[in-house]
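Observations on the three-dimensional arrangement
These are the residues of each chain, in order.
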Amino acid sequence: MIYASRERTEYLQYHNQSYILDVFYTEMGHWTLGIGHGALGIGHLSPLSSLSPLSPFRCPPHPPHPPHPLILHPSMLIPKLSEFTIRRNANAKSFQRGEAYFEANAVLSLTQRGNLLQAEVDGNPDHPYQVSLSFNSEGLTSVKCTCPHNTDDGWCKHIVATMLVCMRQPETIDKRLTLEQLLNRLDHSQTQKLVQQLVAEYPQLIDAVDRHVHWITSIPVKHRTKKSLRRHTINPQPFREKVRQIFRDAVRAWEDGYFNYYLSEELQSLWQTAVNLSERGDGNNAIAILEAMTSACVEYWDDVADYGEDNYEIVQDLNKAWCEAILTAKLSIEEKVDLQINLETWQHQWDADFELASEALRQGWDDPFLVQVLLGSITEMGVWEEEIPDYADDLALIRLKILDRQERYQEYLHLAAAEGQTEQYLTMLGRLGRVDEAIIAAQAQMNTMAEAFALAKTLGEQNSLPEALDIAQIGLNLPGDCQYELGIWTSDLALRLGNREVALSSLIAAFHAKPSLDNYHKITELSGENWANLKSELLELLRINSDWESLLDKVEIFLYEQSVEDAIKIVSDFCADYADLIHRVMDAAISKQPDWVIANASRRAELIINAAKAESYDDAVQWLKKVRAAYLASGRKADWDSYKTKLMQQHGRKRKLMGLFKEQDME
């Protein structure tokens, strides 16, 4: 029987296998090596002299303390970890965030020294969080993290991320000697020299040495701890409370029958507060406000959902506000992970779409494709690797807005060109005074009226008026929905430059899009001798124009030209909401079309009277006054008397109506 005492435990990584090596000193004076397979947990004793010639061990004749073999690293086997164990010790949210940290490579370092594992995990903007794991042969004995999370509630996300690295990537653990083992290799003079050299290299260590020497020698010393920096300075709670109050006001209004209370409009001023902060470069405070408001919307949404409220417009505004705040703020990995989890949670709970904000969070400003674009490498896919998403334009415009206020103009141009934002690209060239370049680019790229209008206004602001007029004229022949605005602007500019012909043609283009009596008069003045022919064309245009928004303007013009028949065609079927306009047409038609006035006005009056709408009897009498005027103007007083008598016989018991007859001298 060989009796041996274990002197030291060593760790060996050999041919991708883990071994535990126990060095024994036998009673017979021989060194013996006990080798245990790290995975199988089995072992046997082998005399060191029996190892191959490649063995690094040397057996001293009398070894009370054998020299340390440098290829071996002291360690204990890390207790087996499983996902079940981690989930059991962490709540669902911490596990989810910890896994996101793991996937984001937020565990910056992981070092094992004996039975202690120490990790640095990204998160704090100034200093990474420190995670410490202690264990023995039976399992974990202590788990700590320097973050503010209360471990009584379970493991934090930083601990979870560290555990996942131990479980899934054990080969990345940097195994080193313990501090005790390191210092044991030094004598007193070497230890003093080491401390002196460290202080010389890191002068700030002298304060730590000073403190600890005092502590060790039982001389207490007071010291202050540095407070962690706040990521935002604004108090978000009032914004959360304001959202809650707006929801309450909405419910109260709807219950009281005021269905024109628009929730999205009431919330708009709150979103704008965050946007204003982003525009001033304060993205962190903007995010603090948006977090408070978004979480409040999600929490209290059931209060308004029962009234049929839809969250589409609200989420659309929030999504853009979030995107701009994210791209403006300086965020750590921890903050990014937290925001992403929050956005995903809100999407699920609120049935909302925060893909735009999530993409901004994912790409940031460091995305490789985006970086290449900003440097001027432009491809057909722009900043996208694969399929271009629906929100690509919104994201590009928000990025351009930020680049503009940061005065990163060349990057602005590269991104606008890559993302097909022609209007922004052309106007930036104009703003930079690169007028010739802008005009050349416009000729090749300009496709819409809006693009032309934006460039023309920019060139006008740069005092390049002739060039602005040329671009504006081109724009009037492009597709778009701003023809009226562009036509008016172009006409005014042409007049400033003394070009009456362009001023007239541009004004006519505006009139085509949106007729008005004022512009009709201006066209009359500009057309001169050609007015007679032009007048016929414009009136014919009005007759075939079916735009509902132009109906009132058309009536105004027809009445001005005394074309009563055309005005009658427009207002005949108008509802009572347009009573004033209908009365004006009837006044003009009494002498020319009395029968239409009689028929239309009597029909409107009788609808009110027959329905016994007493509150509208005054309106009925006003229509009847038009009937009376038309009868009298056409010389048919007897017919009026007969019609009036019939009404009084049928409705004589309606005292309010009869009283109005007398007051208005209708008898």
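Parameters at a glance
- Residues numbered from 1 in each chain as written.
- Predicted model: local features only at pLDDT ≥ 70, side-chain atom pairs only at ≥ 80, totals over all residues.
- Heavy atoms only, no water.
- Core = buried A, V, L, I, M, F, W, Y, C linked by side-chain atoms within 4.5 Å.
- Buried < 20%, exposed > 50% of the residue type's maximum accessible area, 1.4 Å probe, protein only.
- Helix = DSSP H or I, 4+ residues; strand = E, 2+ residues; numbered from the N terminus.
- Contact = heavy atoms within 4.5 Å.
- Expected span 1.5 Å × (residues − 1).
- Arc of directions from axis to C-beta.
- Axes fitted to C-alpha atoms, helices over the stretch in contact; angles between N-to-C directions.
- Parallel < 35°, antiparallel > 145°, perpendicular 65-115°, else oblique.
- Left-handed = near helix turned anticlockwise from the far one by under 90°.
- Pairing = 2+ DSSP bridges.
- Patch = residues over 30% accessible without salt bridge, like charges linked within 9 Å, V, L, I, M, F, W, Y side chains within 5 Å.
- Areas by Shrake-Rupley, 256 points an atom, 1.4 Å probe, with all protein chains shown as cover.
- Salt bridge = Lys/Arg side-chain N within 4 Å of Asp/Glu carboxyl O.
- Lys, Arg positive; Asp, Glu negative; His and termini not counted.
- Charge placed at Lys NZ, Arg CZ, Asp CG, Glu CD.

1. Overview of the nonpolar core
Core analysis: the biggest nonpolar cluster contains 150 residues, and L263, L267, W322, I326 and W350 have the highest contact counts within it. In terms of residues, this core owes the most to one element, helix α9 (residues 283-305), which gives 11 residues.

2. What to know about the side chain of T422
Position of T422 among the secondary structure elements: in helix α16 (residues 422-431). With relative accessibility at 12%, the residue T422 sits in the buried group. Apart from the residues lying within four places of it in its own chain, the contact partners of T422 are Q445, M446 and E451.

3. Focus: helix α20 (residues 483-496)
Residues that lie three or four places apart on an α-helix share one face, since the helix turns once every 3.6 residues. The terminal C-alpha atoms of α20 lie 20 Å apart, and with 14 residues this matches the ideal 20 Å at 1.5 Å per residue to within 8%. If you check which residues of α20 are buried, you get L486, G487, T490, S491, L493 and A494. Relative to the axis of α20, the buried residues are bounded by an arc of 165 degrees and lie together on one face. Buried residues belonging to α20 abut α18 (449-461), α19 (465-475) and α21 (500-513).

4. Structural notes on the packing of helix α7 (residues 237-255) against α9
Viewed as axis vectors pointing N to C, α7 and α9 meet at an angle of 25 degrees, and their least axial separation amounts to 8 Å. With respect to each other, α7 and α9 are oriented roughly parallel. Helix-helix and strand crossings are classified by hand; for α7 and α9 the assignment is right-handed. Together, F239, R240, V243, R244, F247, V251 and W254 of α7 and I289, A292, M293, S295, A296, C297, E299, Y300, W301, D303 and V304 of α9 make up the contact between the two elements.

5. Topic: the sheet that holds strand β9 (residues 174-176)
Taken together, five strands build an open sheet; the order of strands is β8-β7-β6-β5-β9 and the sheet is mixed. The two strands at the open ends of the sheet, each matched to only one other strand, are β8 (139-145) and β9. Within this sheet the neighbouring strands show an average axis-to-axis angle of 20 degrees, counted without direction. One ladder, built from six bridges, connects strand β7 (residues 129-136) with β8; its direction is antiparallel. Directly across from S134, in β8, lies its bridge partner S142. Together, β5 (107-113), β6 (116-121), β7 and β8 form the strand contacts of helix α3 (residues 157-168), whose direction differs from that of β7 by roughly 55 degrees.

6. Looking at the pairing of β7
Side-chain alternation along β7 places Y129, V131, L133 and F135 on a buried face and Q130, S132, S134 and N136 on a face that remains uncovered. Pairing geometry for β6 and β7, over six bridges, is antiparallel. Among the inter-strand pairings, L117 is bridged to a residue of β7, identified as L133. Remark: two residues form the turn of the hairpin made by β7 and β8, two consecutive strands paired antiparallel.

7. Describing the environment of Q410
Tracing the sequence through the fold places Q410 in helix α15 (residues 409-418). The exposure class assigned to Q410 is partly exposed, which follows from its relative accessible area of 40%. Between the alpha carbons of Q410 and L429 there is a distance of 9.7 Å; along the sequence they are 19 residues apart.

8. What to know about a negative patch on the surface
Residues E265, E266, D310 and E313 make up a contiguous surface patch of negative charge. A relative accessible area of 56% means that E265 is categorised as exposed.

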